[in-house]
Amino acid sequence: MTNEFDLVVIGAGSGGVRAARMAAGHGARVAIVEKRFFGGTCVNVGCVPKKLFSYGAHFPDEFALAEDYGYSIAGWKFDWATLRENKTREIARLNGIYRRILDQAGVTIFEGHGRVEAPGQVSVDGNILTTDKILLAVGGKPFVPSFPGNEHVKISDDLFYLEELPKQVAVVGGGYIATEFAGILHGLGCEVTQIYRGDLFLRGFDGDIREFVAEQMAEQGINLRFNTDVDRIEESEGRKRVFTNSGEQLEFDDVFYATGRIPYLDNLFSADATPSLGKNGAIQVDEHYQTSIDGVYALGDVIDRLQLTPVALAEGMWLAAHLFGKAKPSGPLDYRNIATAVFSHPNIGTVGMTQEEALATIGAIRVFKSSFRPMRYTLGDRQVRSMIKLIVDDSTDKVLGLHIAGEDAAEITQGFAVAIKMGATKADFDATVGIHPTAAEELVTMRQGEFIRA
Ligand SMILES: Cc1cc2nc3c(=O)[nH]c(=O)nc-3n(C[C@H](O)[C@H](O)[C@H](O)COP(=O)(O)OP(=O)(O)OC[C@H]3O[C@@H](n4cnc5c(N)ncnc54)[C@H](O)[C@@H]3O)c2cc1C
Ligand SMILES: NC(=O)c1ccc[n+]([C@@H]2O[C@H](COP(=O)([O-])OP(=O)(O)OC[C@H]3O[C@@H](n4cnc5c(N)ncnc54)[C@H](O)[C@@H]3O)[C@@H](O)[C@H]2O)c1
């Protein structure tokens, strides 16, 4: 086996695998180095196991709903070990698929720690590979702030392998992971408190949607504590005592921290092959993913643009075509109107501008908003609701943003994201005949907008 390559990729996660596979498809001699798990964060401790747990956490609601439809589901039981082990078996299957995909694409696989020794030189546990180009696709790792007792907390990786589910649990943070974990743990039967330092969680999402999701989560019985910070944590007999900034003491079996992720740069470069780093240690790149070192590229979570798997995949494909493709991309990757979802309970789906962003940048907008009880729930008395919202540019009629919270929000948003990306106007939405009865038809039937000027 030769150790000379056109491209050596460090990190076989979403971005690295896609870039390696596509580059090999363009005819390059490619190697990939992975030290922990094939498929990276998304497959092993991210999107995939999280979504499986989220599905699992919805069953108690489904059972309750089934009663309204005449089914008797009394006496159902949940076994955490079964869910955890079934999930782990599925992840092992996916790991195998990722390896095979790389093999079949002709990518040479090295298992071990990759390190940039010099431009054109990567070591894998001491074994030197020479290469024309290097791609850093090493992802990120959880960030836990420093405070007394932070050694007692768990991180997102831990949820996926817990021996037992905690009875009482705190989730600290107000972003994607904390809000998703709060919903999952609650659905699986834990008593959940979500602790967030700001006024309202999910900063950056549309204000109405944030408030709506908070109301719905509180209605389900999740204890939301905003404007609360953790000063210190003490452990005694397996219980964690949390001391808050307001002088309270709260006790839990487990405390999960989901306070962001930082670039995974551990022992990644030799002293004279370290590229420029920006905020939070993210590797700085230009629009071609070129770092400050010639021939060294970076993409995915480690460049901290949008920490999403489809973004890392798109960057990987773009770079492979740019470096090795016969047909080069016509311009840089377009980061506008990338749809995203939070798999909280209820789900959030969003694409484009929030009302706050639109007011700040456009000035005069029309907002169409509806909150309703999905038909599925009308046979009982539970107050499960959905919210949808469109933000329209008043002068051009273009739909600037679409936001949904409720059942199937992510699935609905994916389809509408195409229309938004194509520049659909409110008139285009109005001219679209709905599908009845669905929740999504609301998006094409809202006629009463509110004019708002900044
Ligand atoms: C709990 C959680 C849930 C998430 N849910 C979603 C979701 O629903 N949807 C979504 O779009 N995104 C989600 N994400 C984000 C998504 O997982 C990331 O954006 C995506 O995995 C980034 O891909 P990447 O290729 O940049 O890095 P990663 O997938 O993290 O891959 C990096 C790889 O590099 C390896 N590596 C690191 N350093 C070295 C080294 N020196 N040598 C060799 N190998 C190395 C790592 O072991 C890892 O396998 C979630 C993340 C988390 C943590
Ligand atoms: N559904 C999805 O697509 C999905 C799901 C999970 C994660 N992700 C990606 O992974 C990234 C990381 O997720 P995340 O939830 O860890 O990060 P995040 O950036 O979404 O949220 C971090 C939260 O922690 C809080 N925080 C930060 N420092 C703190 C401190 N010192 N003390 C208290 N609170 C603090 C922030 O205010 C914020 O609420 C996300 O940005 C997202 O891009 C995506």
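The rules behind each value
- Residues numbered from 1 in each chain as written.
- Chains lettered and ligands numbered in written order.
- Predicted model: local features only at pLDDT ≥ 70, side-chain atom pairs only at ≥ 80, totals over all residues.
- Near = placed C-beta within 6 Å.
- Helix = DSSP H or I, 4+ residues; strand = E, 2+ residues; numbered from the N terminus.
- Nonpolar A, V, L, I, M, F, W, Y, C, P; charged D, E, K, R; others polar.
- Domains from an automatic or database assignment.
- UniProt positions renumbered as here; feature names shortened; annotations may be inferred.
- Contact = placed C-beta atoms within 7 Å.
- Axes fitted to C-alpha atoms, helices over the stretch in contact; angles between N-to-C directions.
- Parallel < 35°, antiparallel > 145°, perpendicular 65-115°, else oblique.
- Left-handed = near helix turned anticlockwise from the far one by under 90°.

Caption draft 1: Quick look at the site of ligand 2. Pro-145, Gly-174, Gly-175, Ile-177 and Gln-307 are the nearest of the 19 residues found near ligand 2. Elements that contribute at least two residues to the shell around ligand 2 include exactly α7 (176-187) and β17 (340-342). Looking at which element gives the most residues to the shell around ligand 2, the answer is α7, with 4 residues. Grouping the constituent residues of the shell around ligand 2 by class yields 9 nonpolar, 7 polar and 3 charged. The two domains that each donate at least three residues to the shell around ligand 2 are domain 2 (150-259) and domain 3 (340-449).

Caption draft 2: How the structure looks around the site of ligand 1. Taken together, 36 residues lie near ligand 1, and Gly-11, Gly-13, Gly-40, Gly-139 and Gly-300 sit nearest. Of all the secondary-structure elements, those providing two or more residues to the shell around ligand 1 are α1 (14-25), β2 (30-34), α2 (40-45), α3 (47-57) and α9 (309-324). A class-by-class count of the residues in the shell around ligand 1 yields 16 nonpolar, 15 polar and 5 charged.

Caption draft 3: Spotlight on the UniProt feature "binding site: FAD" (unreviewed entry) in the chain. Within this numbering scheme, the UniProt entry marks Lys-51, Gly-114 and Asp-301 as carrying the feature "binding site: FAD" (unreviewed entry). Taking the farthest pair of C-alpha atoms as the criterion, the annotated set spanning 251 residues is dispersed, since that pair is 29.8 Å apart. Mapped onto the secondary structure, Lys-51 falls in helix α3. Tracing the backbone through its elements, the reader meets Asp-301 in the loop between β16 (296-298) and α9. The residues touching Asp-301, leaving out its near neighbours within four places in the chain, are Gly-139, Gly-140, Arg-261, Gln-307 and Ala-312.

Caption draft 4: Local environment of the packing of α3 against α7. Where α3 contacts α7, the axes come no closer than 8 Å and their chain directions differ by 40°. Here α3 lies oblique to α7, going by the angle between them. Between α3 and α7 lies a crossing of left-handed hand. Residues Lys-50, Phe-53, Ser-54 and Ala-57 of α3 form the contact with α7, whose own contacting residues are Glu-180, Gly-183, Ile-184 and Gly-187. For the contact of α3 with α7, the per-class residue count stands at 3 nonpolar, 3 polar and 2 charged.

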